[in-house]
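# Structural overview for review
Okay, here's what each chain looks like letter by letter:
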Number of protein chains: 2
Amino acid sequence: MTDQHTTPKTDIEIANAASMEKILPLAKERLGIEEDNLEPFGHYKTKISLDYIERLADRPDGKLILVTAMSPTPAGEGKTTTTVGLGDALNRIGKKAMICLREPSLGPCFGMKGGAAGGGYAQVVPMTDINLHFTGDFHAIGVANNLLAAMIDNHIYWGNELGLDERRITWRRVVDMNDRALRYIVNSMGGVSNGFPREDHFDITVASEVMAIFCLATDMKDLKKRLGNIIVGFTRDRKPIHARDLDAHGAMAAVLKDAFQPNLVQTLENNPALVHGGPFANIAHGCNSVLATRTALKLADYVVTEAGFGADLGAEKFLDIKCRKADLNPEAAVVVATVRALKMHGGVAKQDLGREDVAAVQMGSRNLTRHIDNLHKFDLPVVVAINRFSTDTTAEIEAVQEICASHGVKAVLCDHWGKGSAGAEVLARTVVSQLEKPARPISLLYEDETPLWEKVKTVATKIYAADDIIADQKVENQFRELQEQGFGHYPVCIAKTQYSFSTDPTLRGAPSHHVVPIREVRVAAGAEFVVVICGDIMTMPGLPRIPAATQIDVTENGQIIGLF
Amino acid sequence: MTDQHTTPKTDIEIANAASMEKILPLAKERLGIEEDNLEPFGHYKTKISLDYIERLADRPDGKLILVTAMSPTPAGEGKTTTTVGLGDALNRIGKKAMICLREPSLGPCFGMKGGAAGGGYAQVVPMTDINLHFTGDFHAIGVANNLLAAMIDNHIYWGNELGLDERRITWRRVVDMNDRALRYIVNSMGGVSNGFPREDHFDITVASEVMAIFCLATDMKDLKKRLGNIIVGFTRDRKPIHARDLDAHGAMAAVLKDAFQPNLVQTLENNPALVHGGPFANIAHGCNSVLATRTALKLADYVVTEAGFGADLGAEKFLDIKCRKADLNPEAAVVVATVRALKMHGGVAKQDLGREDVAAVQMGSRNLTRHIDNLHKFDLPVVVAINRFSTDTTAEIEAVQEICASHGVKAVLCDHWGKGSAGAEVLARTVVSQLEKPARPISLLYEDETPLWEKVKTVATKIYAADDIIADQKVENQFRELQEQGFGHYPVCIAKTQYSFSTDPTLRGAPSHHVVPIREVRVAAGAEFVVVICGDIMTMPGLPRIPAATQIDVTENGQIIGLF
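Let me begin by describing the structure that accompanies this report. Being a predicted model, the structure only gives us computed values, none of them experimental.

### Re the environment of Glu520(A)
Residues and elements named next belong to chain A. Within the secondary structure, Glu520 sits in strand E23 (residues 520-524). Here the alpha-carbon distance between Glu520 and Val531, two residues eleven residues apart in the chain, equals 8.2 Å. Among all residues touching Glu520, those that are not within four sequence positions of it are Val475, Val531, Val532 and Ile533. In this structure the side chain of Glu520 is engaged in a polar contact, spanning 2.9 Å, whose partner is the side chain of Arg522.

Okay, structure coming up:
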């Protein structure tokens, strides 16, 4: 979000100039957590012990608020920034509030995406730490993933007692790097002592099923059980082989033990924030860990969290996967919108986005209102946050507000990016007044018992406004097989483009009557969902022509620069 | 070293039962370091800030003691254990002493090697942390290595302006895992969008040149310069391409910034220990970081450190590479010997090692005395530490002591494994009385100006007792080219088996008149040495039939078990 305003200060400059409080006293004063229940990482990051979290079980839960967004532009509309801004603003108006965010992936920092810890005056800090290794969680997830991979090929090397079919190994190696050269490799070359050559693939670490498991597991016991349930591949007669069949899950859990504790940091305004886990929002569910969200609900009266991509993907999975499994009941959704994105959905070309165009805003609002209507299907009250840019005009903003009002929803202008909590105070008050109404339980989109195919169709028709879903006979058979194998009660995790309600990223606005083609279906038996892939989904990004890494550096006094 | 005695307690049981002191107060009370100069990782590990280390520059240096060993058996003779035991014993007799160790590699924990943080009652703790992720240093080194790798293939993908020859890329990817399937791969398969398919290789992280650089760099500026100097490959006309040509070194340094701070932990007896860096002892120099050693010398009067493998490899490189480059002057070497290893070098088969055999001990002592004589060539006083096993007999031990005495060297019986510092008190007193003699500067084995070929020949003839070195014409040409390209002043880093003075691992004892065949020579332009590979050197281990990982687990109360 560094292009939001013309500002003399970059995100990293603002973050480096932050006046942080030491995390142990902050945890004590603000959350009542004693030092012995914390595992500090430096003076400004700490993990919270699992023992302590267990002891919170009897406390009442705070109110959960989801920050989601309209279908985004490639630059993103500022969900993380709004989550931070709203959290800070709730504290500003005297509420005890915490935020829960995903951890950024290291790899994309070297590409073009830059940091993912908020932006402007709505950031979590220490920014460079959070964007680089943080507390090592993703490294631990990578090790657990790659230990399993090594044990698979090692098993084959030593005789393949389980009868794994090398052509049917589904487990991939991972690295937290944008490295297109590893998307598709042949491994085990070079002769007898290196094993049996086979096709293999690397994904980026956040795409690992271990990451999804890490974020959905409720405790260490559940984590280990889920790791054991991972299906790594199949025999020639298509019998699944699990991580537990290789005795890998105990060591994988050991490797994840420390990482599994949620990370506590602070916002620029010194409010507590949990930043923990970060699964992909396409082939996984795209939310921070269940453990972090549950912990925050015990520690604060208001918890603001985010879900990846637009509401069609992020919010739907947050509700139908995370809330379903973790028994969470969010009481409001904040949908982030920008005038820029509305204009883009209204047909304006990128180079013309700076020019006032009320008609395009009105046209593009169909995208926003579709998301609002969708969230209402979950019985979730909605507030729209208009994330302000300096080029937005009063007429454009008023147009959005009018359209939202006609859908029974308030649209609040926010400038937390430029002003911190002061810029989101109205949003905070609007959300609080919403939360003062008696909460009703959310409605999930489908029942556990609904067959997998019907689940996908339900999401496609109700959320994407598609007429139907289609698939090759082969994929249809896979659906039937999964149903027969006993995976029919899993929720579905649909991977499609975030830029459109359809599977065509160029179809902006609110396309209807389209058909969703299903290319592939995979079971994530540890994460306990079925991944349904629609369209081209990239699980290993590449670096651009001039990688951001070429600008990153350390000064002689040890300050990191060039990380955006 | 878990098979040393029949003891009711395993290393991990002893470590888990340790009564650790919190590291911040320990650092304050024992070393006078204030909290603000430390970066804690939990309550029992901390990094020491580079700023603080810089401010120590004017303090006098303590005395440096190297722990090395005779040619080891596959189980190892207990160098780390002896380093810990001696350090604790020096503290026990009232000296202000610290130890400096290498960080263990995570990968081998899952194979058969198990932990590498000492053993018995001579360990550094927290043991499971140190053996698993510790403070994330190796993860950071892996990321820096793999960032460079990704930037290489990305450069080729986007047009290859520098003209890198895909066949002449020497930079390899790494993973901290024993994964033979990655030794030899073909990458960039799958079509236009994935790049140009080429041969590629993964090494284990400790084999990365980044690790060697990390351990030899004197400060951040030197680190960045060395990273920039890495040669990643060559053009078709054999012009070297460097990491700096890809603008990768700034980001690599940024990724390493936190890791570069030395790690402070404690021994089981609550004495301070620095554990930092851990390069391979074959294709690299096998010692902990220069920064840690220099820091320890400022903080303590006695610093005990270790070098990998036997003295022919570890001590030679410690002296000719690390001490040469970092201007260190060790004042004594402790050579660890075991009766078991002496018998093995005396021709006893593994299954007969438990039986008394004084003649075999005497015969095998030729290996030990060769190492002693070698160390005397560096003008380094020697004390032998006999690391006691329960099966050792008095006659066997006396035989070793007599033979050492005839070489003018004291051989002290030690039982720090079973008794902690009490078991190494005599060793400590012996070393201290040695250090009370006026120190003379060590003599390095060769001058910087000696040509590379002659350097290798000097090491081979003086240390390995070889008659000569040989190589194919192609390798000889490479020596000449490196000499012409201006790398002639670098020290040589010889990679050969640790089990024999020769390049044949089965030639025990003290073989002479052998010839050392050189298979390959590579320049490590960032680490600033020339790697000379003699015999089969494995830079990516594999897992055994039943990996140790299958035994590793976490209990429901969060304790890691099965890590040996």
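### Here's the deal with the sheet that holds strand E21 (residues 492-495) of chain B
Residues and elements named next belong to chain B. One open sheet holds the three strands; their spatial order is E21-E24-E23, and the pairing between them is mixed. The open sheet has two edge strands, E21 and strand E23 (520-524), and neither has a second partner. The mean angle between the axes of side-by-side strands here comes to 20°, regardless of whether they run parallel or antiparallel. Packing of helix H18 (residues 452-462) onto the sheet brings it into contact with E21 and strand E24 (529-533), and relative to E21 it is tilted by some 50°. Where helix H19 (residues 473-487) meets the sheet, it contacts E23 and E24, and its direction lies at approximately 20° from that of E23.

### Considering the interface of chain B and chain A
Contacts between chain B and chain A engage 69 residues on the former and 69 residues on the latter. With both chains or domains summed, chain B and chain A bury close to 6,000 Å², and 63% of this area falls on carbon and sulfur atoms. Of the charged contacts in the structure, one is a salt bridge between Arg173(A) and Asp179(B), with a shortest N-O distance of 2.9 Å. Inspection of the chain B/chain A interface yields 36 residue pairs in polar contact (both at pLDDT 80 or more).

### Topic: the environment of Thr46(A)
Residues and elements named next belong to chain A. Inspection of the secondary structure assignment puts Thr46 in strand E2 (residues 46-48). Residue Thr46 is classed as buried on the basis of its relative accessible area, which comes to 0%. Setting aside anything within four residues of it in sequence, one finds Thr46 in contact with Ile23, Leu24, Leu38, Glu39, Pro40, Phe41, Pro262, Asn263 and Leu264. Within the structure, Thr46 has its side chain in polar contact with the backbone oxygen of Glu39 (distance 3.2 Å).

### Topic: helix H9 (residues 220-229) of chain A
Residues three or four positions apart in an α-helix share a direction because the helix packs 3.6 residues into each turn. The buried count for H9(A) comes to seven of ten residues, which makes it a mostly enclosed element. Residues of H9(A) that are buried: Met220(A), Asp222(A), Leu223(A), Arg226(A), Leu227(A), Gly228(A) and Asn229(A). Residues of H9(A) that are buried sit in contact with helix H3 (50-55), helix H8 (209-216), strand E12 (231-235), strand E13 (240-242) and helix H10 (249-256) of chain A together with strand E25 (553-554) of chain B.

### Here we look at the relation of the copies chain B and chain A
Take chain B, turn it by 180°, move it 0.0 Å along the axis, and it overlays chain A with an RMSD of 0.0 Å. What the rotation and shift describe, once combined, is the action of a two-fold rotation axis. Taking C-alpha positions as reference, the residue of chain B nearest the rotation axis is Phe41(B), located at 2.2 Å. Both copies present the same face, since 100% of the interface residues in chain B are matched by interface residues at the equivalent positions in chain A.

Rules and cut-offs
- Residues numbered from 1 in each chain as written.
- Chains lettered and ligands numbered in written order.
- Predicted model: local features only at pLDDT ≥ 70, side-chain atom pairs only at ≥ 80, totals over all residues.
- Heavy atoms only, no water.
- Helix = DSSP H or I, 4+ residues; strand = E, 2+ residues; numbered from the N terminus.
- Contact = heavy atoms within 4.5 Å.
- Polar contact = N/O pair within 3.5 Å; in protein donor to acceptor, adjacent residues only side chain to side chain.
- Pairing = 2+ DSSP bridges.
- Axes fitted to C-alpha atoms, helices over the stretch in contact; angles between N-to-C directions.
- Buried area = accessible area lost by both parts, 1.4 Å probe.
- Salt bridge = Lys/Arg side-chain N within 4 Å of Asp/Glu carboxyl O.
- Buried < 20%, exposed > 50% of the residue type's maximum accessible area, 1.4 Å probe, protein only.
- Least-squares fit on C-alpha atoms with pLDDT ≥ 70 in both.

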